[in-house]
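Descriptive structure summary
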Amino acid sequence: MRGMSAGLALLAVAALAGCSDPGSARPDQIAMARHVSGEAPYIAVVSMVDARTGRAAHTGLIINASERVVYDPAGTFSHEDLPERGDIHYGLTDRYLDYYERYHARRTYFVHVQQVPVSAPTAELALRRTEAQGPSSKMFCTLNTGQILDGVPGFESVSPSFFPETLRRQMAKIPGVTDRFVLESDIEKAIPTDQ
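Residues numbered from 1 in each chain as written. Predicted model: local features only at pLDDT ≥ 70, side-chain atom pairs only at ≥ 80, totals over all residues. Heavy atoms only, no water.

**Overview of the overall build of the protein**
If you tally the helices and strands in the protein, you get six helices and seven strands. If you take every contact in the protein between residues at least 6 apart in sequence, the share linking residues at least 24 apart comes to 66%. On the protein, roughly 10,500 Å² of surface is accessible, and the fraction owed to carbon and sulfur atoms is 58%. (Helix = DSSP H or I, 4+ residues; strand = E, 2+ residues; numbered from the N terminus. Contact = heavy atoms within 4.5 Å. Areas by Shrake-Rupley, 256 points an atom, 1.4 Å probe, with all protein chains shown as cover.)

Written out as structure tokens, the structure is:
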């Protein structure tokens with residue numbers, strides 16, 4: 001009986017190990033992946049827009065602070081080279097930034113990036129608030145992004161909302177915002193590697 005209990009315990013440990021959360025990267029993994037962009041600090045809201053209706057359906061956030069990260073709350077994005085913790089993907093080089101944006105673009109959806117230049121302390125505040133937010137539940141991507149931005153200097157016009165299109169319209173009113181659009185045709189999307 002004792003041998004059977006030990007065997008069951010080992011099976012349980014093995015099963016739990018197989019169910020490890022991909023969004024719980026260790027601090028050393030995050031530190032090793034750290035990417036410092038040469039660009040000036042900025043915060044960008046990324047909206048995935050339904051091409052048929054013209055309305056946003058998902059929200060992400062790119063923060064270029066002491067390091068560049070992407071916050072993809074309750075999203076499906078992942079890459080083995082980008083450690084993830086609390087829906088934040090670390091190590092966002094130019095290549096992976098491009099991949100993140102193109103990952104969400106397809107025939108039926110395009111990506112709208114609304115980028116706002118900010119001071120280094122403001123970008124750092126946004127990064128710390130994002131890290132404190134933790135992982136999002138399904139359907140909370142825009143609400144949690146809005147909660148991060150609410151109170152960040154320069155984003156006073158942003159009010160947390162469940163609706164991605166509401167946040168996209170709020171972002172359009174921020175002074176200095178620039179727009180970029182990413183469109184894809186779904187033809188052979190390649191996953192970048194460092195090889």
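From this point, the discussion proceeds with the structure in view.
**Notes on the confidence of the model for the protein**
Mean pLDDT over the protein: 85, with 83% of residues reaching 70 or higher. Across residues 1–22 the pLDDT falls below 50, and counting only partners more than four positions away or on other chains, this stretch makes one contact in the model. Low pLDDT, under 50, characterises residues 188–195; the stretch is placed with 18 contacts to residues that sit more than four places away or in other chains. (pLDDT = per-residue confidence, 0-100.)

**Considering the sheet that holds strand β2 (residues 56–64)**
Where strands meet in a sheet, backbone hydrogen bonds hold them as pairs that are either parallel or antiparallel. If you walk across this open sheet you meet the seven strands as β4-β5-β3-β2-β1-β6-β7, and the pairing is antiparallel. Only two strands of the sheet have a single neighbouring strand rather than two, namely β4 (84–85) and β7 (178–182). Alignment of strand β1 (residues 42–50) against strand β6 (residues 109–117), held across nine bridges, turns out to be antiparallel. Along β6, the bridge assignment pairs isoleucine 43 with valine 116. The strands touched by helix α5 (residues 141–149) are β1, β2 and β3 (68–71); relative to β2, the strand with the most contacts, the crossing angle is about 35°. (Pairing = 2+ DSSP bridges. Axes fitted to C-alpha atoms, helices over the stretch in contact; angles between N-to-C directions.)

**Some remarks on α5**
Of all the nine residues making up α5, eight are buried; the element is thus mostly covered by neighbouring parts of the structure. For α5, every residue scored as buried is listed here: Cys141, Thr142, Leu143, Asn144, Thr145, Gly146, Ile148 and Leu149. Looking at the buried side of α5, the elements it contacts are β1, β2, β3, α4 (120–133) and α6 (164–172). One or two residues past the end of α5 sits glycine 151, with phi positive at roughly 105°. (Buried < 20%, exposed > 50% of the residue type's maximum accessible area, 1.4 Å probe, protein only.)

**Things to note about unusual backbone geometry**
Although it is not a glycine, alanine 74 adopts a positive phi angle of roughly 55°. For alanine 74, the location among the structural elements is in the loop between β3 and β4. The backbone phi angle of methionine 139 is positive, close to 75°, even though this residue is not glycine. Along the chain, methionine 139 falls in the loop between α4 and α5.

**Structural notes on a nonpolar patch on the surface**
On the surface, a cluster of nonpolar side chains totalling about 460 Å² of accessible area is made up of Met139, Phe140, Phe162 and Phe163. Structurally, phenylalanine 163 can be placed in the loop between α5 and α6. (Patch = residues over 30% accessible without salt bridge, like charges linked within 9 Å, V, L, I, M, F, W, Y side chains within 5 Å. Salt bridge = Lys/Arg side-chain N within 4 Å of Asp/Glu carboxyl O.)

**With respect to the nonpolar core**
The biggest cluster of nonpolar side chains holds 25 residues, and the ones touching the most others in it are Ile43, Leu61, Leu149, Phe155 and Met171. Contributions of two or more residues to this core are made by β1, β2, β3, α4, α5 and α6. Sort the elements by how many residues they give to this core and α4 lands first, with three residues. Excluding anything up to four places from it in sequence, isoleucine 43 contacts Leu61, Ile62, Gln114, Gln115, Val116, Val118, Thr122, Ala126, Leu149, Val152 and Phe155. (Core = buried A, V, L, I, M, F, W, Y, C linked by side-chain atoms within 4.5 Å.)

**Focus on the pattern of salt bridges**
Taken as a whole and assessed by the stated rule, the structure comprises ten salt bridges. The partner of arginine 26 in a salt bridge is aspartate 28, and the shortest N-O contact between them spans 3.0 Å. With relative accessibility at 45%, the residue arginine 26 sits in the partly exposed group. Here aspartate 28 falls in the partly exposed class, since its relative accessible area comes to 38%. Among the salt bridges present, the one from aspartate 50 reaches arginine 52, with a minimum N-O distance of 3.2 Å. For arginine 52, a relative accessible area of 63% translates into the label exposed.

**Considerations on the pairing of β3**
Side chains Arg68 and Val70 project from β3 onto one buried face, and the interleaved Val69 and Tyr71 project onto a second face that is buried too. Pairing analysis gives four bridges linking β2 to β3, with the strands arranged antiparallel. Looking across to β3, one finds that isoleucine 63 is bridged to valine 69. Linkage of β2 to β3, two consecutive antiparallel strands, is achieved through a turn of three residues. Bridge analysis of β3 against strand β5 (residues 88–89) gives two bridges, and the strand direction is antiparallel. Each bridged residue has a counterpart across the sheet, and for tyrosine 71 the counterpart in β5 is isoleucine 88.

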